[in-house]
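Letter by letter, the chains look like this.
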Amino acid sequence: MSPTPLPDSIDATLNLMDQAGYVADRSLATVLHLALRMKRPLFLEGEAGVGKTEIAKVLSTTLGRDLIRLQCYEGLDISSAVYEWNYPAQMVEIRVAEAAGDAEHSELSKSIFDERFLIKRPVLQALEPSLSGAPVFLIDELDRADEAFEAFLLEVLADNQVSIPELGTVKATEPPIVIITTNRTREIHDALKRRCLYHWVDYPDAERELEIVRRKVPGAAERLALEVVAFVQKLRTEEDLFKQPGVAETLDWASALSELNEIALDPDLASDTLGVLLKYQDDIERVRGSKIRQMVDEIRKEAPHQQSVPAL
């Protein structure tokens, strides 16, 4: 199967994202187009839940490429992320060689450190050739990994290769499409950022967030979608929350209220379902009760045309 061609313009990139239901703004489409054409890693930074990881999934789907995901965490090391040797199989090889009387040390060393005994983890998998074209390599939440692992990635991002002491250098014939995400829980070193194109993925404005809800929660009533988005937008701009709700939480809340057959934002039910939208008790207590009723009233005063829909 021949690889799917990369988009040849910013508009084509926008259309590509749109095909998969991802509502991207033009600035994101521009940097994504450049990353694809220049074969450079794309470093995406932003709050959790704004759709950074989804970009890699969309590229994999629309371009017909394999998605290889490296989920970062504290303590991630080379054996989990890059490669490790299959020690039990190597021991069997040694025992067989000894039993056959073929245990010459130098030859045996070459034999056991062979690609047959190499267990490939996500980084090595991403460097392998594929009939469908270079894979999409998602390095997710890099800020959760240790700085030592971050330093190791410099060779991968700069030269698309990995050096294995016992085997040599493994280099990609075609650079993978690398997407790196971080929630900015710590700063990533400049040396890594220099090897990438950079984009800050922000919360969407009301118009774009409403379009996302319409696409991802098609069963939600139009008035409910409008009021949910207006409420979330007001939370982000006017309330001092410990953790602002992301787009993922907006979609979850709209889905939950739709499942409860709501056609508009009822203050009492909204208060009861705040745990779908907000994930910290202090934030829930700040908004629950009279505050949520006040915010719903303000939303309806700011958008009086919504009152043409019968109130609950």
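Everything discussed here concerns the structure shown above.
Quick summary incoming for the structure in this document. Predicted model, so just to flag it, every value in this text is computed and none were measured.

1. Section: the sheet that holds strand β8 (residues 177-182)
In step 1: A sheet is described by the order of its strands in space; here 5 strands give the open sequence β2-β5-β8-β1-β9, paired in parallel fashion. Among the strands making up the open sheet, the edge pair consists of β2 (67-71) and β9 (197-200). Across the sheet, the mean angle from the axis of one strand to that of its neighbour is 20°, orientation sign disregarded.
In step 2: Looking at chain direction, β2 and strand β5 (residues 136-140) are connected through 5 bridges and run parallel. Residue pairing in the sheet places Leu67 in a bridge with Val136 of β5.
In step 3: In the packing of helix α2 (residues 26-38) onto the sheet, the strands contacted are β1 (42-45), β8 and β9, and the crossing angle to β9 comes to about 160°.
In step 4: Seen against the sheet, helix α3 (residues 52-63) touches β1, β2, β5 and β8 and runs at an angle of roughly 160° to β8.

2. Topic: the packing of aromatic side chains
In step 1: Per the stated rule, a full pass over the model turns up 6 aromatic pairs.
In step 2: Pairing Phe43 with Tyr198 gives two aromatic rings, centres 5.9 Å apart and planes at 20°, and the pair type is stacked. Taken together, the residues Phe43 in strand β1 and Tyr198 in strand β9 connect sequence positions 155 residues apart.
In step 3: Judged by its relative accessible area of 1%, Phe43 falls in the buried class.
In step 4: Assessed through its relative accessible area of 38%, Tyr198 is described here as partly exposed.
In step 5: For the pair Phe242 and Tyr280, a centre-to-centre distance of 4.6 Å together with 70° between the ring planes defines the contact as edge-to-face. Residue Phe242 is located in the loop between α11 (222-238) and α12 (247-259), and its partner Tyr280 is located in the loop between α14 (274-277) and α15 (281-287); the two are separated by 38 residues in the primary sequence.
In step 6: Here Phe242 falls in the exposed class, since its relative accessible area comes to 63%.
In step 7: The rings of Tyr83, Trp85 and Phe113 are connected pair by pair, giving a single aromatic cluster.

3. Focus: the side chain of Thr182
In step 1: Mapped onto the fold, Thr182 is located in strand β8.
In step 2: A polar atom in the side chain of Thr182 sits 3.0 Å from the backbone nitrogen of Arg184.
In step 3: Filtering out sequence-adjacent residues up to four positions away, Thr182 remains in contact with Phe43, Leu44, Glu45, Gly46, Lys52, Glu141, Leu142, Asp143 and Ile188.

4. Regarding the packing of α11 against α12
In step 1: The geometry of α11 relative to α12 is characterised by a closest axis approach of 10 Å and an angle of 140° between their N-to-C directions. Here the hand of the crossing between α11 and α12 comes out right-handed. Between α11 and α12, the residues in contact are Leu224, Val228, Phe231, Val232 and Arg236 and Val247, Thr250, Trp253, Ala254, Leu257 and Ser258, respectively.
In step 2: Its residues assigned to classes, the contact of α11 with α12 shows 8 nonpolar, 2 polar and 1 charged.

What counts and how
Residues numbered from 1 in each chain as written. Predicted model: local features only at pLDDT ≥ 70, side-chain atom pairs only at ≥ 80, totals over all residues. Heavy atoms only, no water. Pairing = 2+ DSSP bridges. Helix = DSSP H or I, 4+ residues; strand = E, 2+ residues; numbered from the N terminus. Axes fitted to C-alpha atoms, helices over the stretch in contact; angles between N-to-C directions. Contact = heavy atoms within 4.5 Å. Phe/Tyr/Trp six-rings, centres within 6.5 Å; stacked < 30°, edge-to-face > 60°. Buried < 20%, exposed > 50% of the residue type's maximum accessible area, 1.4 Å probe, protein only. Polar contact = N/O pair within 3.5 Å; in protein donor to acceptor, adjacent residues only side chain to side chain. Left-handed = near helix turned anticlockwise from the far one by under 90°. Nonpolar A, V, L, I, M, F, W, Y, C, P; charged D, E, K, R; others polar.

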